[in-house]
Amino acid sequence: MKLMIMMLALITNLAFAVEIEGSDYSKRHIKALDRAIINNCGYLFDYVLVSSEEEVIQIDQGTRDVKYRTILSAVRRIDQGISDNYRISILSEYADHYDHVEKDWGSYSVQYVRCDLVD
């Protein structure tokens, strides 16, 4: 029974869409960032955009790629009322081509993620 309750809680948590407060990133970009953060830092919550820089690279005849430098703050809940705060630095990229996996134009990838515990 305890296992069933834990599985239900996990599924309920994963069902909610991830959001980054203060960001205007596309849902696919946020999804790529979230996957990379989970893989590199574990499960964090309450993402807030601290800063964001974009570098647009003109390729040819209107084709453009975009490199993003993003800094987020997030929280890891440890126990009731106890949590750790993190500062997350991310380098990601948008490539202007057809993404066959997502079946949409453009693909997002994450090159670098660093999570630092903040006092």
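Before going into details, it helps to say that this report is about the structure given with it.

Conventions and cut-offs
Residues numbered from 1 in each chain as written. Predicted model: local features only at pLDDT ≥ 70, side-chain atom pairs only at ≥ 80, totals over all residues. Heavy atoms only, no water. Helix = DSSP H or I, 4+ residues; strand = E, 2+ residues; numbered from the N terminus. Buried < 20%, exposed > 50% of the residue type's maximum accessible area, 1.4 Å probe, protein only. Polar contact = N/O pair within 3.5 Å; in protein donor to acceptor, adjacent residues only side chain to side chain. Contact = heavy atoms within 4.5 Å. Lys, Arg positive; Asp, Glu negative; His and termini not counted. Salt bridge = Lys/Arg side-chain N within 4 Å of Asp/Glu carboxyl O. Phe/Tyr/Trp six-rings, centres within 6.5 Å; stacked < 30°, edge-to-face > 60°.

**As for unusual backbone geometry**
Most peptide bonds adopt trans geometry, and most residues besides glycine take a negative phi value. Residues other than glycine seldom take positive phi values, yet Asp-46 does so here, at roughly 55°. For Asp-46, the location among the structural elements is in strand S1 (residues 45-60). A residue is classified by how much of its surface remains accessible, and Asp-46, at 45% relative accessible area, is partly exposed.

**A short note on the side chain of Thr-70**
With respect to the helices, strands and loops of the structure, Thr-70 is situated in strand S2 (residues 63-79). Only 2.6 Å separates the side chain of Thr-70 from the side chain of Tyr-25, close enough to count as a polar contact. Setting aside anything within four residues of it in sequence, one finds Thr-70 in contact with Tyr-25, Leu-49, Ser-51, Ser-52, Ile-88, Ser-89 and Ile-90.

**Some thoughts on the side chain of Asp-96**
Looking at the secondary structure, you find Asp-96 in strand S3 (residues 82-99). Buried within the structure, Asp-96 lacks any salt-bridge partner; Arg-64 is the closest side chain of opposite charge, at an N-O distance of 5.7 Å. Side chain to side chain, Asp-96 and Trp-105 meet in a polar contact 2.5 Å long. Ignoring any residue separated from it by four or fewer positions in sequence, one finds Asp-96 in contact with Gly-62, Thr-63, Arg-64, Asp-65 and Trp-105.

**Observations regarding the packing of aromatic side chains**
In this structure the tally under the stated criterion is three aromatic pairs. Taking the centre distance of 5.1 Å and the plane angle of 55° together, the rings of Tyr-94 and Tyr-108 count as tilted. Of this pair, Tyr-94 sits in strand S3 while Tyr-108 sits in strand S4 (residues 104-118), and the two are 14 residues apart along the sequence. Overall, the relative accessible area of 21% leaves Tyr-108 in the partly exposed class. Summarising the aromatic geometry, the rings of Tyr-98 and Trp-105 are spaced 6.2 Å apart at their centres and angled 45° between planes, so their arrangement reads as tilted. On the accessibility criterion, Trp-105 (48% relative accessible area) is partly exposed.

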